[in-house]
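Structural description and commentary
Residues per chain are reported as follows:
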Amino acid sequence: MPFREINSKMVEATLAPGQKLFSQRGAMLAYRGEVSFTPNIQGGQGGVASMIGRRVAGESTPLMTVEGSGTVMFGHGGHHIQVIQLAGDTLYVEADRLLAFDGTLRQGTMFMGSQGGVMGMVRGQVTGQGLFTTTLAGHGAVAVMAHGGVIELPITPGRDVHVDPQAYVAHHGEVRNKLSTAVGWRDMVGRGSGEAFQLELSGSGAVYVQASEEKL
């Protein structure tokens, strides 16, 4: 179920009988046809375990299940929207950046420390982003939100990408992340941006970076 970009801040999805998608509560702007919106208590395709994982992670962003036959327009807070197509791989994205996604995608929760070790945990503490990241896997489309526009940077073997943690939106592919420091530990006190920290991504895939460090 592809999303059609109406403009940089609105997308439209076409629903057919038997299809469903999940959206952030309050993201529906308008719709045509016979479409229903119900609060999701199952935690998406990830089931109850996914829901509990998000609760533990503090990612309590409520989801709505959208079903029926028609077209639905989504947007939220005037944020820029980026549509990402998944072809069997996994997208890692903060829960509060999710606008809407295909109901066919499997949803889960990953502890950032499992990829970045202790430094992965430090990243969450310093930047204010969650230690847990939502995962979406399979074939389908995802609409994510960001500030000031988004650029997709390819990650290839031997060509690591360094990103300001607060400018990070999402990534996908066979990618490892770790937090590296650009200054000494004593100089880091009071800093939470790229001057002191860099999120280093390596492997094969892509990372999405927003133009502004403003938090959602």
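Residues numbered from 1 in each chain as written. Predicted model: local features only at pLDDT ≥ 70, side-chain atom pairs only at ≥ 80, totals over all residues. Heavy atoms only, no water.

Here we take up the overall build of the chain. For the chain, the helix and strand inventory stands at 2 helices and 13 strands. Within the chain, contacts between residues separated by at least 24 positions form 80% of all contacts whose residues are at least 6 apart in sequence. When the accessible surface of the chain is split by element, carbon and sulfur atoms take 53% of a total near 9800 Å². (Helix = DSSP H or I, 4+ residues; strand = E, 2+ residues; numbered from the N terminus. Contact = heavy atoms within 4.5 Å. Areas by Shrake-Rupley, 256 points an atom, 1.4 Å probe, with all protein chains shown as cover.)

Moving on, we come to the pattern of salt bridges. Summed over all chains, the structure comprises 2 salt bridges. For Glu12, the salt bridge goes to Arg32, with nearest N and O atoms at 3.0 Å. Of this pair, Glu12 sits in strand β2 (residues 10-15) while Arg32 is found in strand β4 (residues 28-39), placing the two residues 20 residues apart along the sequence. Relative accessible area serves as the criterion here: at 9%, Glu12 is assigned to the buried category. (Salt bridge = Lys/Arg side-chain N within 4 Å of Asp/Glu carboxyl O. Buried < 20%, exposed > 50% of the residue type's maximum accessible area, 1.4 Å probe, protein only.)

Further remarks concern the side chain of Thr65. For Thr65, the location among the structural elements is in strand β5 (residues 63-74). Setting aside residues up to four positions removed in sequence, Thr65 forms contacts with Lys20, Leu21, Phe22, Ser36, Phe37, Thr38 and Asn40.

This brings us to the confidence of the model for the chain. Summing up the model confidence of the chain, the mean pLDDT is 79 and the portion of residues at 70 or higher is 70%. Low pLDDT, under 50, characterises residues 116-123; the stretch is placed with 22 contacts to residues that sit more than four places away or in other chains. (pLDDT = per-residue confidence, 0-100.)

For a regular strand, side-chain orientation follows a simple rule: the groups alternate between the two sheet faces. Of all 5 residues that make up strand β7 (residues 98-102), 5 are buried, and the element is covered over most of its length. Bridge count between strand β3 (residues 20-24) and β7: 3 bridges; the pairing is antiparallel. Counted as the bridge partner of Phe22 is Phe101 from β7. (Pairing = 2+ DSSP bridges.)

Turning next to the environment of Val207. Within the element layout of this structure, Val207 appears in strand β13 (residues 197-210). Counting along the chain gives 56 residues from Val207 to Ile151, while the straight-line C-alpha distance between them is 8.3 Å.

Bridge count between strand β10 (residues 150-155) and β13: 6 bridges; the pairing is antiparallel. Residue pairing in the sheet places Leu153 in a bridge with Val207 of β13.

What follows covers the packing of aromatic side chains. Per the stated rule, a full pass over the model turns up 2 aromatic pairs. Here Phe22 and Phe101 contribute two aromatic rings whose centre-to-centre distance is 5.5 Å and whose plane-to-plane angle is 40 degrees, an arrangement assigned as tilted. Of this pair, Phe22 sits in strand β3 while Phe101 sits in strand β7, and the two are 79 residues apart along the sequence. As far as the burial class goes, Phe22 and Phe101 line up, both buried. Here the aromatic rings of Tyr31 and Phe37 are separated by 5.3 Å at their centres, their planes lie at 55 degrees, and the arrangement is tilted. In this structure Tyr31 comes out as partly exposed when scored by relative accessible area, which is 39%. (Phe/Tyr/Trp six-rings, centres within 6.5 Å; stacked < 30°, edge-to-face > 60°.)

So, on to the environment of Phe37. Inspection of the secondary structure assignment puts Phe37 in strand β4. With relative accessibility at 24%, the residue Phe37 sits in the partly exposed group. Through-space distance from the C-alpha of Phe37 to that of Met64 is 6.1 Å; in sequence the pair is 27 residues apart. Ignoring any residue separated from it by four or fewer positions in sequence, one finds Phe37 in contact with Met28, Tyr31, Met64, Thr65, Val66 and Val72.

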